[in-house]
Amino acid sequence: RSKDRAGAIEGDLELVDVSKQFGEHTAVDHLTVTIPQGSFFALLGASGCGKTTTLRMVAGLEEPTAGQIRLGGQDVTRLKPYRRPINTVFQNYALFPHLDIFENVAFGLRRRGVKDVKAQVERMLELVELAGYGARRPAQLSGGQQQRVALARALINQPKVLLLDEPLGALDLKLRRQMQIEIKRIQTEVGLTFLHVTHDQEEAMTMADTIAVMNAGRIEQMGSPAELYDRPATTFVANFLGQCNLVRATATPAGDDVALTVEGRRWAVPAARSSATGTDVWLGVRPEKLRLTPAGTPVPEGVNAVEGVITDTSFVGVSTQYLVRVPWGQEVSVFEQNVGLEGPLQPGAEVSVHFRPAHGFVLDADGAATAG
Ligand code: ATP
């Protein structure tokens, strides 16, 4: 197959039953996933879950032990990295320090023998909002600017897929937030498939259309950021994306609802928000879905409520976080955005903690993925 033909492959990126062993260790375990052309797709997971190995196999830097990688329906599993229409942006940018920004961006074109690079380089510098920076050296740019040069340098090769390996890891928090939005804008503008690897759930939620949460070499759940957050399929996903209060319960079908017994209390959640019934399930409620009412004042009608004592309060700007000890000894976390309770409640205050049935969800106790 000619170089040009390989470069012309486009379409969905598919991993079909891909595994990678390092000796006895399984880094990636029978991974099957389709990444639609033009999507911004994030592989999200803790350190060691296999996301970088997955990315390196897509790039061609690592050969799968088993399985196939396809692009636009064509098997690219054994294609050399430079023969794949795929480029990678790394965390350390890997810019050439002795070349100016213009030449850094022009590098891929020059290597392919393209003569007239000026117009293309300038278009790329505009895309990443660095027009006028061409004569500088990398050391004369900020971290965020260097990252944008790295993006421009990758995009000028017109890859069909851009791989981003923790691309913002070296930046401070504020700059990282700006760059998240900036990279998302660039992806929308160029319309390419972006495959992004990160351990930062907020970053994945900000940037990606679809997130695959990885755990121990497998995809635990896949979906839009909102789907994963609102309806996690497993306790792992519930805890990995934001905070979640989880309590053991017994769940029985009851028409449109699932009736729950939680430490002797009778609660309910809609059946549509329950992926399990039985004597041993988890009830999950996000901290911002819990509300507090001072003891002795009535709680709203129809809520699931339990009494508790505040053990800690911390003001975190947009909200106040309360820890509340409930009768079975658990400390639940509550975020109140508008502290309309005549000033924040103090530790020791007796309260009711409650939530609307539609704000809970029920999971299998064994945490088995039931796919989103
Ligand atoms: P991180 O966020 O820390 O980079 P990760 O999710 O990207 O983590 P991988 O780098 O894909 O994880 O590694 C997955 C597992 O495979 C880890 O347990 C790692 O130690 C192991 N591993 C990765 N590369 C090799 C290698 N070349 N030889 C042996 N084991 C490896």
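Residues numbered from 1 in each chain as written. Predicted model: local features only at pLDDT ≥ 70, side-chain atom pairs only at ≥ 80, totals over all residues.

Some details on the overall build of the chain
Phase 1: Helix and strand counts for the chain come out as 9 helices and 20 strands.
Phase 2: A burial count over the chain gives 37% of its 372 residues as buried.
Phase 3: Restricting the contact set of the chain to residue pairs at least 6 apart, pairs at least 24 apart contribute 67%. (Helix = DSSP H or I, 4+ residues; strand = E, 2+ residues; numbered from the N terminus. Buried ≥ 20, exposed ≤ 12 C-beta atoms within 10 Å, placed from the backbone. Contact = placed C-beta atoms within 7 Å.)

Structural notes on the site of the ligand
Phase 1: Around the ligand, the neighbouring residues are F22, H25, A27, G45, S47, G48, C49, G50, K51, T52, T53 and H199.
Phase 2: Elements with a contribution of two residues or more to the shell around the ligand: strand 2 (25-35) and helix 2 (51-59).
Phase 3: Sorting elements by how many residues they give to the shell around the ligand places helix 2 first, with 3 residues.
Phase 4: Tallied by class, the residues present in the shell around the ligand amount to 3 nonpolar, 8 polar and 1 charged. (Near = placed C-beta within 6 Å. Nonpolar A, V, L, I, M, F, W, Y, C, P; charged D, E, K, R; others polar.)

Quick look at the pairing of strand 10 (residues 218-223)
Phase 1: As defined by bridge partners, strand 9 (residues 210-215) adjoins strand 10 across 5 bridges and the pair is classed as antiparallel. Bridge pairing in strand 10 places A212 opposite M222. (Pairing = 2+ DSSP bridges.)

Topic: unusual backbone geometry
Phase 1: You will see that H30, though not glycine, has its phi angle at about 50°, which is positive.
Phase 2: Overall, the presence of 15 C-beta atoms within 10 Å leaves H30 in the partly exposed class.
Phase 3: Phi at A216 takes a positive value of approximately 50°, unusual for a residue other than glycine.
Phase 4: Note on placement: A216 falls in the loop between strand 9 and strand 10.

Description of the sheet that holds strand 1 (residues 13-22)
Phase 1: Strands sit in the order 2-1-4-5 across an open sheet of 4 strands; the sheet is antiparallel. Each edge of the open sheet carries a strand with a single partner, namely strand 2 and strand 5 (74-75).
Phase 2: Bridge analysis of strand 1 against strand 4 (residues 66-71) gives 5 bridges, and the strand direction is antiparallel. When the bridges of strand 4 are listed, L13 appears paired with L71.

Here's the deal with the UniProt feature "domain: ABC transporter" (unreviewed entry) in the chain
Phase 1: Look at the UniProt record and you will see "domain: ABC transporter" (unreviewed entry) annotated at residues 13-241.
Phase 2: Along residues 13-241 one finds 35% helix and 27% strand; the C-alpha atoms at either end are 25 Å apart. (UniProt positions renumbered as here; feature names shortened; annotations may be inferred.)

Focus on the environment of K184
Phase 1: With respect to the element layout, K184 can be found in helix 6 (residues 173-190).
Phase 2: Put simply, K184 and F194 are 10 residues apart on the chain and 9.4 Å apart in space, counted from C-alpha to C-alpha.

Quick notes on the environment of S333
Phase 1: Residue placement: S333 occurs in strand 18 (residues 331-336).
Phase 2: Since 17 C-beta atoms lie within 10 Å of it, S333 is described here as partly exposed.
Phase 3: With 91 residues separating them along the chain, S333 and G242 place their C-alpha atoms 12 Å apart.

Quick notes on the sheet that holds strand 13 (residues 265-270)
Phase 1: Strand order in the open sheet made by the 5 strands is 13-12-11-14-20, with antiparallel pairing throughout. Strands at the two margins of the open sheet, each flanked by one partner only, are strand 13 and strand 20 (360-364). Taking the axes of each pair of neighbouring strands and ignoring which way they run, one obtains an average angle of 45° across the sheet. (Axes fitted to C-alpha atoms, helices over the stretch in contact; angles between N-to-C directions.)

Regarding helix 2
Phase 1: Within helix 2, 7 of the 9 residues are buried, which leaves it mostly tucked inside the rest of the structure.
Phase 2: K51, T53, T54, L55, R56, M57 and V58 are the residues of helix 2 that are buried.
Phase 3: Taken from the residues just after helix 2, G60 is the one with a positive phi, measuring 95°.

Considering the domain arrangement of the chain
Phase 1: Here the chain is partitioned into domain 1 (3-230) and domain 2 (235-364).
Phase 2: Computed from C-alpha atoms alone, the centre-to-centre distance between domain 1 and domain 2 is 39 Å.
Phase 3: Each side of the interface is counted separately: domain 1 has 7 residues, and domain 2 has 5 residues.
Phase 4: When contributions to the side of domain 1 that touches domain 2 are tallied by element, the ones reaching two or more residues are strand 9, strand 10 and helix 8 (225-230).
Phase 5: Residues of the side of domain 1 that touches domain 2, tallied by class, amount to 3 nonpolar, 3 polar and 1 charged. (Domains from an automatic or database assignment.)

Notes on the nonpolar core
As a rule of thumb, soluble globular proteins bury nonpolar side chains together.
Phase 1: Grouped together as the largest cluster of nonpolar side chains are 65 residues, with contacts concentrated most on V105, A152, L162, L195 and V213.
Phase 2: Of all the elements, helix 5 (residues 143-155) adds the most residues to this core, at 6 residues.
Phase 3: Looking at which domains feed residues into this core, each of domain 1 (3-230) and domain 2 (235-364) supplies at least three.
Phase 4: Residues in contact with V213, not counting those within four places in the same chain, are L44, G45, I219, E220, Q221, L228, V237 and F240. (Core = buried A, V, L, I, M, F, W, Y, C linked by C-beta atoms within 7 Å.)

A look at the packing of helix 5 against helix 6
Phase 1: Put simply, helix 5 and helix 6 touch, their axes get as near as 11 Å, and they point 20° apart. When the interaxial angle is binned, helix 5 and helix 6 end up roughly parallel. Note that helix 5 runs across helix 6; the crossing there is right-handed. When helix 5 is examined against helix 6, the residues G143, G144, Q147, L151 and L155 are found in contact with a partner set consisting of L175, Q178, M179, I183, I186 and V190.
Phase 2: When its residues are assigned to classes, the contact of helix 5 with helix 6 shows 7 nonpolar, 4 polar and no charged. (Parallel < 35°, antiparallel > 145°, perpendicular 65-115°, else oblique. Left-handed = near helix turned anticlockwise from the far one by under 90°.)

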